[in-house]
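# Per-entry structural report
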Amino acid sequence: MQPIARDRQSPPVNGPATGALETNVQPRPPARTAGAEHPADCPLSIHDMTVAYQRRPVLWDVEYDAPAGKLIALVGPNGAGKSTLIKAVMDLVPKASGRVTVFGEPYRRQRRLVGYVPQRESVDWDFPVSALDVVAMGRYGRLGWLRPVGRADLEAAREALDRVGLKDFASRQIRQLSGGQQQRVFLARALAQDAQLYLMDEPFASVDAATERAIIEVLRAMRAAGKTVIVVHHDLETVPEYFEYVVLLNMRVVAHGPVRDVFTPENLRKTYGGRLTLLEEAAHKLAKRDAPV
Amino acid sequence: MIAAARFDWPSLVNLLALRDYNTRVVVLGVGAFALASGVVGTFLMLRKRALLADVISHATLPGIALAFLVGSSLGVAGKSLPVLLAGATVTGVLAVLFVLAIVHTTRVKEDAALGIALSVFFGGGIALSSLVQQSATASAAGLDAFIYGKTAAMIVSDAWLIAGGAAIVIAICIGFFKELRLLCFDPAYAAAQGRPIVAFDLLLMGAVVMITVIGLQAVGLILVIALLVVPPAAARFWSDDLRRVVLISAGVGLISGVVGAGLSALIPKAPSGALIVLVSGALFVFSLIFGAKRGSLWRWLEARQLGRRVAEQHFLRSCYELVEDDPRRAFSEGALAANRVWNAEELARMMQVALAGRWIEAAGSSQFRLTQAGLESARRVTRNHRLWEMYLITHADIAPSHVDRDADLVEHVLDAEMITKLEALLAADAAALVTPPSPHRLPSVLPSGAAP
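Residues numbered from 1 in each chain as written. Chains lettered and ligands numbered in written order. Predicted model: local features only at pLDDT ≥ 70, side-chain atom pairs only at ≥ 80, totals over all residues. Heavy atoms only, no water.

## Thoughts on the interface of chain B and chain A
The partner chain A presents 32 residues to the 28 residues of chain B that form the contact. In total, chain B and chain A occlude about 2,700 Å² of area from one another, counting both sides; carbon and sulfur atoms represent 57% of this. If you sort the residues of chain B by the area they bury against chain A, K178(B), F185(B) and Y189(B) come out on top, with a joint share of 28%. If you look at where chain B meets chain A, you find 6 salt bridges. The tally of links from chain B across to chain A stands at 13 residue pairs in polar contact (both at pLDDT 80 or more). Elements represented by at least two residues in the side of chain B that touches chain A include exactly α9 (177–185), α10 (187–192) and α13 (242–266) of chain B. For the side of chain B that touches chain A, the leading source of residues is α9(B), giving 6 residues. For the side of chain B that touches chain A, the per-class residue count stands at 13 nonpolar, 3 polar and 12 charged. (Contact = heavy atoms within 4.5 Å. Buried area = accessible area lost by both parts, 1.4 Å probe. Salt bridge = Lys/Arg side-chain N within 4 Å of Asp/Glu carboxyl O. Polar contact = N/O pair within 3.5 Å; in protein donor to acceptor, adjacent residues only side chain to side chain. Helix = DSSP H or I, 4+ residues; strand = E, 2+ residues; numbered from the N terminus. Nonpolar A, V, L, I, M, F, W, Y, C, P; charged D, E, K, R; others polar.)

## A short note on helix α11 (residues 197–219) of chain B
Residues and elements named next belong to chain B. A rise of 1.5 Å per residue sets the reference length of α11, with its 23 residues, at 33 Å; its end C-alpha atoms lie 31 Å apart and thus fit the reference within 8%. A maximum bend of about 25° is found in α11 at V213. G220 lies just past α11 and shows a positive phi near 85°. (Expected span 1.5 Å × (residues − 1). Bend = angle between axes of the 7 residues up to and from the residue.)

## Quick look at the layout of surface pockets
Residues and elements named next belong to chain B. The computed volume of the largest pocket comes to approximately 1,100 Å³. In this structure, the largest pocket is lined by 26 residues; those nearest its centre are R49, V103, H104, E110 and V198. Class assignment for the residues of the lining of the largest pocket results in 15 nonpolar, 4 polar and 7 charged. (1 Å grid on protein atoms, 1.4 Å probe; cavity = no way out; pocket = protein on both sides within 12 Å on 5 of 7 lines; lining within 4 Å. Points joined across faces, edges and corners; volume = space filled by probe spheres on them.)

Shown next as structure tokens:
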């Protein structure tokens, strides 16, 4: 793990310099002071996380603290483990090792604070529900079991639909919506949850220009309200325009920090250029041997 | 006795009035089962686990046979329904666990795992049944009833047992409606929200096991899957709202169960299971054709209507192209025929339609001209077509020689909103917006003999 950890921050990595960079990059009160290993003001803190599918590692030794109240792009080539990282944070895929805390507590105690926008292709849009029904699902977490969806929840769901510009589509069956509208329904569902940290899996994937603008407007409003938003993003061109922070990922965190510092050709080359042949080969070998990763 | 009933009017009247005690018992038992299976079947279908129900039902056979053998050897009445159904439940649950174990611990895929579980458990069941047949009490066994269904054998305590099981299943589906809906629609989101999806999957499968077991007597283990799958599939043709789909599915199930059981009472020796399934199949076909939401009749009518509109718009545009420089000029049917690839019949029919609709009028011998109304429609249709062509050329980089065919497809589905957008996009060319000239050469102005 050590060699990988070392090139995690791309600029020169040496003792005090790293420390200075860290505080620069993430302007928050002295992190990790006197025993407070998981600061409650850090929306997402990932420590030493490795994730494997079928015993084949897809993420190695991820170490990351997300800055609060920022729009953060999670960028990397196909198969880099971007979705896996998000899913591992939410315990949707098992972690081989590592710790994740959300505002200083394990995820399972903070679920309500985390809003999730899955990929649009992850569900069957032929399902017999209306857009409003789907958005109201964002309220289930705060409703107990057996409690039906109430008027206040429907009101919150309507408001969320309004925020993504789909007020007039509330009663539409979801198959009758365009791809961009479906994506906005998922966004509205996360909004209805009123979380603090949002994890979005490619919300801009194959949406029309109008939807892209609508989504980015909503994201900016969320940031203005102090929310932290981590977005799996494919379009490198728009990263500097849409986001202030970026995480470059390719089976490991290649670099992270403010876009202006980290989003450099050098780092992008490290992320996208050349296959990580040795890491991948090792993963293959581990998978074949049924090694206990 | 029901089996002895002949198809005569008095017995039909008796049946409809539920005058006969046996009939009432059967209606209670079968109706409760079929209603509940329509409810839980909806969630099963939406969770895409319908085949698991088939595995469960086939896996009940070894349980029934074992329960009979064990029961008789212990001196308990082996044939009593609660004992047999308890055995069925045990092996049904075992089959589910068997499938889950294979899928989660090996690389065998789910469909193969389902096939393995179904055949192995059912094979074991057949082997055990042959043991039952050989035993001294074979005549008393009547295990056939569980394979093919035999409502006539139902007694009142059986019916109440079935109704109790059905009530539990319905209560689960109503109580956990919200959770089951989320589980079926988006399990990953449910898990992220902290819903124990494995527990809810097991709850759903438990409900399916219960329905399967209580349905054995009514429709038999081979056909019980039908009442879990057919009613929800039929109901889906009627509504896009899960609550209504559940209600309609329950209704379809209830009607199938009661009508099917009733028919089997009227027709001597008719197997009730088969009749119940046939009734549900008829309701499915009816829904498939007439269903308000996705019924094929409406889709066919819509397609036909669109086809007509397409033909009309092509006709109007052809007329317009012929007389574009002077709208009052007359033209012949022959000129129209040369303008497009028509077949003669289609063109002749469109001429009739256009004359009847007063889009065109006769102007001398075999000459026609556009009426004022026809001209306006034709101009609008042509404008849409050309706006779309220009959009394709300027915004989609399609060669002018190819846009005509593409626009031919799209122009008919352009609605007012899209046309406004087109106008905004092409606003730079404002002068052209009146009715832009065709961006490519038209066949009618091609030198004669030129290839189209």
